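# Chain and residue survey
Now for the letters of each chain:
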Amino acid sequence: MCSAVADGRGEGGGRADARRWRRRALSDEWLGAEALLAVSFQGLILPERYPPHTQLLDLDPLPLSALGCPAYEALYRFSHFNPIQTQARAAAEARRRRRSGRPAAHPPGGQHGSQEA
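The following paragraphs examine the structure supplied in this document.

About the criteria used
Residues numbered from 1 in each chain as written. Predicted model: local features only at pLDDT ≥ 70, side-chain atom pairs only at ≥ 80, totals over all residues. Heavy atoms only, no water. Helix = DSSP H or I, 4+ residues; strand = E, 2+ residues; numbered from the N terminus. Expected span 1.5 Å × (residues − 1). Buried < 20%, exposed > 50% of the residue type's maximum accessible area, 1.4 Å probe, protein only. Arc of directions from axis to C-beta. Patch = residues over 30% accessible without salt bridge, like charges linked within 9 Å, V, L, I, M, F, W, Y side chains within 5 Å. Areas by Shrake-Rupley, 256 points an atom, 1.4 Å probe, with all protein chains shown as cover. Salt bridge = Lys/Arg side-chain N within 4 Å of Asp/Glu carboxyl O.

Given a rise of 1.5 Å per residue, 18 residues ought to cover 26 Å, and the 26 Å separating the end C-alpha atoms of helix H2 (residues 83-100) matches this to within 8%. Turning to H2, its buried residues are Thr-86, Gln-87, Glu-93 and Arg-97. Viewed along the axis of H2, the buried residues span an arc of 125°, placing them on a single side of the element. Exposed and oriented more than 90 degrees from the buried face of H2 are Ile-84, Arg-98 and Arg-99.

Structure, rendered in structure tokens:
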């Protein structure tokens, strides 16, 4: 069992000091096994409260055959991924290519399909 309790040294009607918390861990199986750790949030930099949404790109829906495994394809009852799933897959593939040093599968600018000669 774990719990996070405020230090209690805060002011303003029992409100705890946001810069100092204690983390308490208790074992529900071992008698007397307990740990208490003071955690300071002083200097903590938090992310934006409401970060902006990622813009949805105009991509063609990805067919299930892109999974490349008939067993995985059989798990789904639809034929194509939705726009969010398609964009997430495209981003993951691009990240994987950057790490492996392979070139992109599609030319820049979002031109899919055959190119005229």
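Turning our attention to a nonpolar patch on the surface. Where nonpolar side chains cluster on the molecular surface, the patch consists of Trp-21, Phe-41, Leu-44 and Leu-46 and spans about 400 Å² of accessible area. Relative to the elements of secondary structure, Trp-21 occurs in strand E2 (residues 20-26). Residue Trp-21 is classed as partly exposed on the basis of its relative accessible area of 32%.

Side chains that differ in charge, positive against negative, can pair when their charged atoms come close. For the structure shown, the criterion picks out 4 salt bridges. Where Glu-93 meets Arg-89, a salt bridge forms, and the shortest distance between an N and an O atom there is 3.7 Å. In this pair, Glu-93 and Arg-89 are both assigned in helix H2, 4 residues apart and thus about one turn of the helix distant. A residue is classified by how much of its surface remains accessible, and Glu-93, at 19% relative accessible area, is buried. Among the residues examined, Arg-89 registers a relative accessible area of 29% and is labelled partly exposed. Across the salt bridge formed by Glu-93 and Arg-97, the nearest N and O atoms sit 3.8 Å from each other.

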